[in-house]
Amino acid sequence: MTLQQEIVGNAMQMAVVSLQPGQTVYCEAGKFLFKTVNVTMETRLGGPSDGGGQRPQGGGAGSGGMGGMLRQAMGTAMQVGQRALAGESLAFQYFTAQGGEGTVGFAGVLPGEMRALELDGTRAWFAEKDAFVAAESTVDFGIAFQGGRTGMKGGEGFVLEKFTGRGTVIIAGAGNFIDLDPSDFGGRIEVDTGCVVAFEEGIRYGVQRVGGLNRQGLMNAVFGGEGLSLATLEGSGRVILQSLTIESLANALKKAQGGDKQGPTGGLFSTDAG
């Protein structure tokens with residue numbers, strides 16, 4: 001069944017989800033806001049793809065006995081290990097309506113927009129780390145590691161969240177969203193690495209150096225505010241960008257506290273907190 005949800009609010013949006021009896025939605029730990037009393041809440045390490053979205057069945061032949069339980073446990077351990085390496089939350093919270101319709105509220109962690117994506121089973125969606133808020137139990141959450149060269153150059157682009165299956169997944173970002181299709185701009189767009197929120201499978205994601213090793217390239221790196229790299233998105237499909245990057249928000253807060261870490265150049269010579 002389709003997940004009934006409504007995204008409300010302006011500067012800091014939240015998603016209000018209506019659950020049918022027996023319907024389950026899960027979220028990343030820390031994204032839950034409120035629920036009605038007939039909605040149960042459980043925290044589990046496993047995701048839907050390894051049985052985390054349903055209660056384990058008995059140990060008969062249908063469930064594979066001890067062998068099936070061991071495979072499930074190993075799958076859960078691998079999934080948790082991947083999330084730990086990616087710096088993601090180790091657990092998910094599952095919400096199920098009992099005895100009637102129920103309501104659950106979720107939100108992101110930064111001021112900005114939220115978006116409900118509908119997966120039909122033909123295309124996966126990829127999102128930047130921490131974009132995931134909640135999803136139906138029919139949607140699988142995974143971690144996709146970009147290639148070493150892309151990751152080392154791109155920072156944010158090394159680890160991506162991957163959503164497959166059928167159903168609704170809710171994501172969040174900072175600032176305002178803009179939807180683009182690279183095919184409308186000659187097949188390729190270049191953006192700040194921190195502006196990418198999510199994109200459909202089929203979009204080729206990469207990172208390139210800003211300019212060459214010449215005078216203008218050095219000017220871009222030192223004074224341009226983008227550092228040495230830009231994200232590249234190629235192909236045909238939906239791309240969601242955000243108008244506010246976490247780095248720019250952090251620098252604005254530091255500046256307001258009298259500790260401007262951006263520096264006078266705003267680019268390569270910016271310093272990190274602490």
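Residues numbered from 1 in each chain as written. Predicted model: local features only at pLDDT ≥ 70, side-chain atom pairs only at ≥ 80, totals over all residues. Heavy atoms only, no water.

Participant: Account for the overall build of the protein chain, with residues named and values stated.
Facilitator: A count of helical and extended segments in the protein chain gives four helices and 18 strands. Of the roughly 13700 Å² that the protein chain leaves accessible, carbon and sulfur atoms contribute 56%. (Helix = DSSP H or I, 4+ residues; strand = E, 2+ residues; numbered from the N terminus. Areas by Shrake-Rupley, 256 points an atom, 1.4 Å probe, with all protein chains shown as cover.)

Participant: A description of the packing of aromatic side chains should follow, citing residues and the corresponding values.
Facilitator: Under the definition given, this model contains 12 aromatic pairs. Ring plane angle 80 degrees and centroid distance 5.4 Å describe the contact between Tyr26 and Phe92, whose orientation is recorded as edge-to-face. Residue Tyr26 is located in strand E3 (residues 24–28), and its partner Phe92 is located in strand E6 (residues 92–97); the two are separated by 66 residues in the primary sequence. Classification of Tyr26 by relative accessible area gives buried; the value is 0%. (Phe/Tyr/Trp six-rings, centres within 6.5 Å; stacked < 30°, edge-to-face > 60°. Buried < 20%, exposed > 50% of the residue type's maximum accessible area, 1.4 Å probe, protein only.)

Participant: How would you explain the sheet that holds strand E2 (residues 14–19) if you had to name every residue and give the values?
Facilitator: Across the sheet, four strands lie side by side as E1-E2-E7-E4; this open sheet has antiparallel pairing. Strand pairing shows two members of the sheet lacking a second neighbour, strand E1 (4–8) and strand E4 (32–35), which therefore form its edges. Shown here is a sheet whose adjacent strand axes are inclined to one another by a mean of 20 degrees, direction ignored. Relative to strand E7 (residues 102–107), E2 is paired through six bridges, and the arrangement is antiparallel. Looking across to E7, one finds that Ser18 is bridged to Thr103. (Pairing = 2+ DSSP bridges. Axes fitted to C-alpha atoms, helices over the stretch in contact; angles between N-to-C directions.)

Participant: Which residues make up unusual backbone geometry, and what values go with them?
Facilitator: At Asp130, a position not held by glycine, the phi torsion is positive, near 75 degrees. Relative to the helices and strands, Asp130 resides in the loop between strand E9 (125–128) and strand E10 (132–136).

Participant: Mind laying out the confidence of the model for the protein chain, listing which residues take part and the relevant values?
Facilitator: Per-residue confidence for the protein chain averages 79 on the pLDDT scale, and 68% of its residues sit at or above 70. For the stretch residues 53–63, pLDDT sits under 50, and the model shows 10 contacts to residues farther than four places along the chain or on other chains. For the stretch residues 147–157, pLDDT sits under 50, and the model shows 15 contacts to residues farther than four places along the chain or on other chains. (pLDDT = per-residue confidence, 0-100. Contact = heavy atoms within 4.5 Å.)

Participant: Can you break down the sheet that holds strand E16 (residues 204–209) residue by residue, with the values?
Facilitator: An order of E14-E17-E16 is seen for the three strands of this open sheet, with the pairing classed as antiparallel. Edge positions in the sheet fall to strand E14 (188–191) and E16, since each of these pairs with one other strand and no more. Direction aside, the axes of adjacent strands within the sheet are offset by 30 degrees on average. The sheet contact formed by E16 and strand E17 (residues 229–234) spans six bridges and is antiparallel. Within E17, the position partnered with Gln208 by the bridge is Leu230.

Participant: Would you mind going over the nonpolar core in detail, with residue names and values included?
Facilitator: With 21 residues, the main nonpolar core has Tyr26, Phe132, Phe163, Val169 and Ile171 as its most contacted residues. Broken down by secondary-structure element, the contributors of at least two residues to this core are E6, strand E8 (114–120), E9, E10, strand E11 (139–145), strand E12 (159–172) and strand E15 (196–200). Among the elements that take part in this core, E12 stands out by supplying four residues, more than any other. Contacts of Phe163, omitting those with residues within four sequence positions, involve Leu119, Ala124, Trp125, Ala127, Phe132, Val139, Asp140, Phe141, Val169 and Ile171. If you look at the next biggest cluster of nonpolar residues, it comprises 16 residues, including Ala15, Val17, Val25 and Val133. (Core = buried A, V, L, I, M, F, W, Y, C linked by side-chain atoms within 4.5 Å.)

Participant: Can you tell me about the environment of Val37, naming the residues and giving the values?
Facilitator: Tracing the sequence through the fold places Val37 in the loop between E4 and strand E5 (39–44). Taking the C-alpha atoms as reference points, Val37 and Gly102, separated by 65 residues in sequence, lie 8.0 Å from one another.

Participant: Before we move on, could you go through the pattern of salt bridges and cite the residues and values that matter?
Facilitator: One pass over the full model with this rule turns up seven salt bridges. A salt bridge links Arg115 to Asp179; its shortest N-O distance comes to 2.9 Å. Note that Arg115 is positioned in strand E8 and Asp179 in strand E13 (residues 177–180), a separation of 64 residues in sequence. The salt bridge involving Glu200 is made with Arg123; its shortest N-O contact spans 3.0 Å. Separated by 77 residues along the polypeptide, Glu200 in strand E15 and Arg123 in the loop between E8 and E9 bring together distant segments of the chain. A relative accessible area of 14% places Glu200 in the buried class. Via salt bridges that share partners, Arg115, Asp179 and Arg238 belong to a single interconnected network. (Salt bridge = Lys/Arg side-chain N within 4 Å of Asp/Glu carboxyl O.)

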